[in-house]
Amino acid sequence: FRSWHSLLAALLLALSFGPSVQAQSGLIQNAAARRVLSLNGSWNYIIDPYENGFYDYRREAFDQSKSGKGGYYDNQKPSNAQEPELIEYDFDHSAALQVPGDWNSQDPKLLYYEGTIWYKRNFKLTPTAGKRYFLYFGAINYEAHIYLNGKKLGMHRGGFTPIQFEVTGKLDPSGDNFVVVKADNTRHADAVPTINTDWWNYGGITRDVFIAEAPGTFIKDYKVQLAKNDPSTLMGYVQLNGAGRAGQTVTLNIAEAGLKQTLKTDTAGRATFRFPAKKLSLWSPQNPRRYVVSLASGSDVVQDKIGFRTIQTKGQDILLNGKSTFLRGISIHDENPLIPGRARGEGDLRMLLTWAKELGCNYVRLAHYPHNEIMLRLADEMGLLVWAEVPVYWTIAWENAATYQNAEAQLSDLISMGKNRASIVVWSVGNETPLGDPRLKFMTSLVKKARSLDDTRLVAAALEVHRTPDDVMHVDDPLGEYLDLTSFNEYAGWYWGGAPSEITKYKFDIKYNKPVMISEFGGDALAGYHGDANTRWSEEYQEALYVNQLKMLGTIPGLRGMTPWILTDFRATRRQHPVYQNGFNRKGLISNTGTKKKAFYVLQEYYRQQAVKYG
Ligand code: GCB
């Protein structure tokens, strides 16, 4: 009996949770450019550490019960029934959180909260016959159960990638609708990321929410890019979705380049193309030229601004549009320290990239997880190359199949979201993962997946070094064999190696003949705290560390770029020192109040020289 029971339970679980955890290959490209109803703003919320709104007192999930009812997603209100009902929650009389935004920074009692919070928002939308509707969340950290008008749409795991559900036919014809989200940022050993990270575990609906409208058959996805290593060929596809998708005409128009093509979709609604495009002015940090690309089919039209460039490696060179380039980078978290919590809007993000430009960067590492699509578009606009990453960070559950599926889904969604951005040149499959066979299998599978989804960009990971007593740092991680760049983190002068003045004695032994990209180095400094070059936490210590790191790294013949750690101080729960840290990782070149530390100017000068050398 037991086995029947558990089989049934497993089946039910698979039915209810299975499909929505998979990669959503169906993400709408450029969804925000459609006719949208924004659901940003105030959402009522209920803090639910015991998950009363999800489980009954036998710990059975309400949304798995026969009626599917009983959870907070019913958004129940007292009726005028004869018998007085017992309702122990009330969204409408609960306080509100701003969306987009993490909860931690919006209510002092939520600063360290990890668990479930329910969000509810009413909205008016009278569906038009023949149109289709998609509910879209830029990101919810970490596990989200989403309900519309009391019915479950699905569940999603992963805190940094978009979530989308078709809600055609599920909107109330009266126009009165409500959406409820159960967001749960509990950390799990088998999750991606795992329990241990060096950033704040901000919970909640952290990015934009909207409903996008589209015609019955519409342009759901497209890729318009240069062919691999070929600046004179445009290639890609347009994917229609809807009953009339087969045998349709699609026009692709880049008016500013005098390019117009008429395509025909196959039975699956897909039109692939490849045609010459000789006169395109190529996108680069010096010339972030974007073209208006217009796609039309039937009544549907989408426009995007797309730049075109090639990226490849040759020996130890990184060739951008065929020309050897030095990547003058900096690492960035999705956090602007001038506001509490996660960065929320374009202004916060633009400020980060403006600081990077001021530093002399042509490149940014958007660590350690997918950043906001707005950030990727800003990088296109402002002329910054991008390393984009998934949160396969430190020691995750290498042998757990579901963990791998989760990581692969996040990678697929990142690539789906970013595939038309000229700025993105590197897909990173992880950071500082420990050596071992299960890990190598896991990581090489991700590399393979990235290449199968996009063969026009480089694939990398932030590796580690190991030292021998002869003061040599060895870079020989077997994963390096599969990557396009030899990229690694090293913390000489901070976590090991003595004072900054001593680190120039280190030599490098690098196994691979590939471009070397230092994905991290750095050290903490509390802005305004001064001492000598041996005084930890002082600006002078960090300054000396940068001076000597740059000297030491200069001895690597194949050095073609770096993204020191990090642009700004950021909140990290691990960082406990009451005087110097106070909950901040202080490795920023800019403090949490926006002050530039001394090391900022060291790197700025170095980048000025590199720009002269490489142009
Ligand atoms: C690292 C990690 C980064 C940390 C940094 C540090 O190696 O990749 O996430 O924040 O070191 O400050 O220790």
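Starting from 1, residues in each chain are numbered consecutively following that chain's sequence as written. Totals for whole chains, interfaces and linings use every residue, but because this is a predicted model, local features are given only for residues with pLDDT of at least 70 and side-chain atom pairs only at 80 or more, for both listing and counting.

Peer 1: Can you lay out the overall build of the protein chain for me, pointing to particular residues and giving the numbers?
Peer 2: Counting its regular elements, the protein chain contains seven helices and 35 strands. By the convention adopted here, residues are in contact when the distance between their C-beta atoms, placed from the backbone, does not exceed 7 Å. Restricting to contacts in the protein chain with at least 6 residues of sequence separation, those with at least 24 account for 70%. Helix and strand assignments follow DSSP, with helices taken as H or I runs no shorter than four residues and strands as E runs no shorter than two, numbered in order from the N terminus.

Peer 1: A description of the domain arrangement of the protein chain should follow, citing residues and the corresponding values.
Peer 2: Domain ranges listed in this record stem from an automatic or a database domain assignment. Split by domain assignment, the protein chain resolves into domain 1 (14-215), domain 2 (230-308) and domain 3 (312-523 + 556-568 + 598-614). Spacing between the C-alpha centres of domain 1 and domain 3 amounts to 33 Å. In this complex, domain 1 contributes 28 residues to the contact, which on the side of domain 3 involves 29 residues. Side-chain classes are defined by residue name, with Ala, Val, Leu, Ile, Met, Phe, Trp, Tyr, Cys and Pro counting as nonpolar, Asp, Glu, Lys and Arg as charged, and the others, Gly among them, as polar. Along the lines of polarity and charge, the residues of the side of domain 1 that touches domain 3 split into 11 nonpolar, 13 polar and four charged.

Peer 1: Which residues make up the site of the ligand, and what values do they have?
Peer 2: In the neighbourhood of the ligand, the contacting residues comprise Asp198, His368, Asn431, Glu432, Asn489, Glu520, Trp565, Asn585 and Lys587. The residue inventory of the shell around the ligand, partitioned by class, reads one nonpolar, four polar and four charged. Each residue receives a C-beta atom placed from its backbone. It is near a molecule or strand if this atom lies within 6 Å of it.

Peer 1: If you had to explain the pairing of strand 19 (residues 300-306) to someone new, which residues and values would you point to?
Peer 2: Two strands pair if DSSP finds at least two bridges between them. Examined bridge by bridge, strand 18 (residues 291-297) and strand 19 share seven bridges and lie antiparallel to one another. By the bridge assignment for strand 19, valine 293 is matched with aspartate 304.

Peer 1: Quick rundown of the packing of helix 2 (residues 346-358) against helix 3 (residues 373-382)? Include the residues and the values.
Peer 2: Only the stretch in contact is used when a helix axis is fitted, and all axes are lines through C-alpha atoms; the angle between N-to-C directions ranges over 0 to 180 degrees. Across the interface, helix 2 lies against helix 3 with an axial gap of 10 Å and an inter-helix angle of 40°. Relative to helix 3, helix 2 is oriented oblique. In the packing of helix 2 onto helix 3, the handedness of the crossing is right-handed. Between helix 2, through Glu346, Leu349, Arg350, Leu353 and Lys357, and helix 3, the contact on the second element is made entirely by Ile374, Met375, Leu378, Ala379 and Met382. By definition in this entry, angles of less than 35 degrees are roughly parallel, angles greater than 145 are roughly antiparallel, angles of 65 to 115 are roughly perpendicular, and the rest are oblique. In a left-handed crossing the near helix is turned counterclockwise from the far helix by less than a right angle, and in a right-handed crossing that turn is clockwise.

Peer 1: Help me get a handle on the pairing of strand 32 (residues 516-520), residues and values and all.
Peer 2: With five of five residues buried, strand 32 lies mostly within the body of the structure. As defined by bridge partners, strand 30 (residues 486-489) adjoins strand 32 across four bridges and the pair is classed as parallel. Across the sheet, residue phenylalanine 488 finds its bridge partner in strand 32, namely isoleucine 518. Here a crossover is taken to be right-handed if, once the strands point away from the viewer, the path from the first strand over the helix to the second is traced clockwise. Crossover connection from strand 32 via helix 6 (residues 539-553) to parallel strand 33 (residues 559-562): handedness right-handed. Put plainly, a residue is buried at 20 or more neighbouring C-beta atoms within 10 Å of its own, exposed at 12 or fewer, and partly exposed in between, counting only other residues' C-beta atoms, which are placed from the backbone.

Peer 1: I'd like to hear about the sheet that holds strand 9 (residues 163-166), residue by residue, with values.
Peer 2: Sheet architecture is open: four strands sit in the order 1-12-5-9, paired in antiparallel fashion. Single-partner strands in this sheet number two, and they are strand 1 (35-38) and strand 9. For this sheet, the mean inter-axis angle between neighbouring strands, taken without regard to orientation, is 25°. Relative to strand 9, strand 5 (residues 131-137) runs antiparallel, the two sharing four bridges. By the bridge assignment, tyrosine 136 is partnered in strand 9 with glutamine 164.

Peer 1: Lay out the nonpolar core in plain terms, naming residues and giving numbers.
Peer 2: Counting 158 residues, the largest nonpolar core has Tyr119, Phe134, Ala356, Val364, Val386 and Val429 as the members making the most contacts within it. If near-sequence neighbours (up to four positions away) are discounted, valine 364 is found in contact with Gly329, Ile330, Ile332, Ala356, Ala379, Leu384 and Val386. By our criterion, buried Ala, Val, Leu, Ile, Met, Phe, Trp, Tyr and Cys residues that link up through C-beta atoms within 7 Å make up a nonpolar core.

Peer 1: Go over the UniProt feature "domain: Glycosyl hydrolases family 2 sugar binding" (unreviewed entry) in the protein chain with me, naming the residues and quoting the values.
Peer 2: Feature annotation in UniProt assigns "domain: Glycosyl hydrolases family 2 sugar binding" (unreviewed entry) to the following positions: residues 39-215. Regarding residues 39-215, the helix share stands at 0% and the strand share at 36%, and the terminal C-alpha atoms are separated by 21 Å. UniProt positions are given in the numbering used here, feature names are shortened, and annotations may be inferred rather than shown by experiment.

Peer 1: Run through the sheet that holds strand 28 (residues 466-468), naming residues and quoting values.
Peer 2: With mixed pairing, three strands are arranged side by side in an open sheet as 28-29-31. Single-partner strands in this sheet number two, and they are strand 28 and strand 31 (507-510). Neighbour-to-neighbour, the strand axes of the sheet open up by a mean angle of 30°, direction not taken into account. Examined bridge by bridge, strand 28 and strand 29 (residues 472-475) share three bridges and lie antiparallel to one another. When the sheet's bridge partners are listed, arginine 467 is paired in strand 29 with methionine 473.

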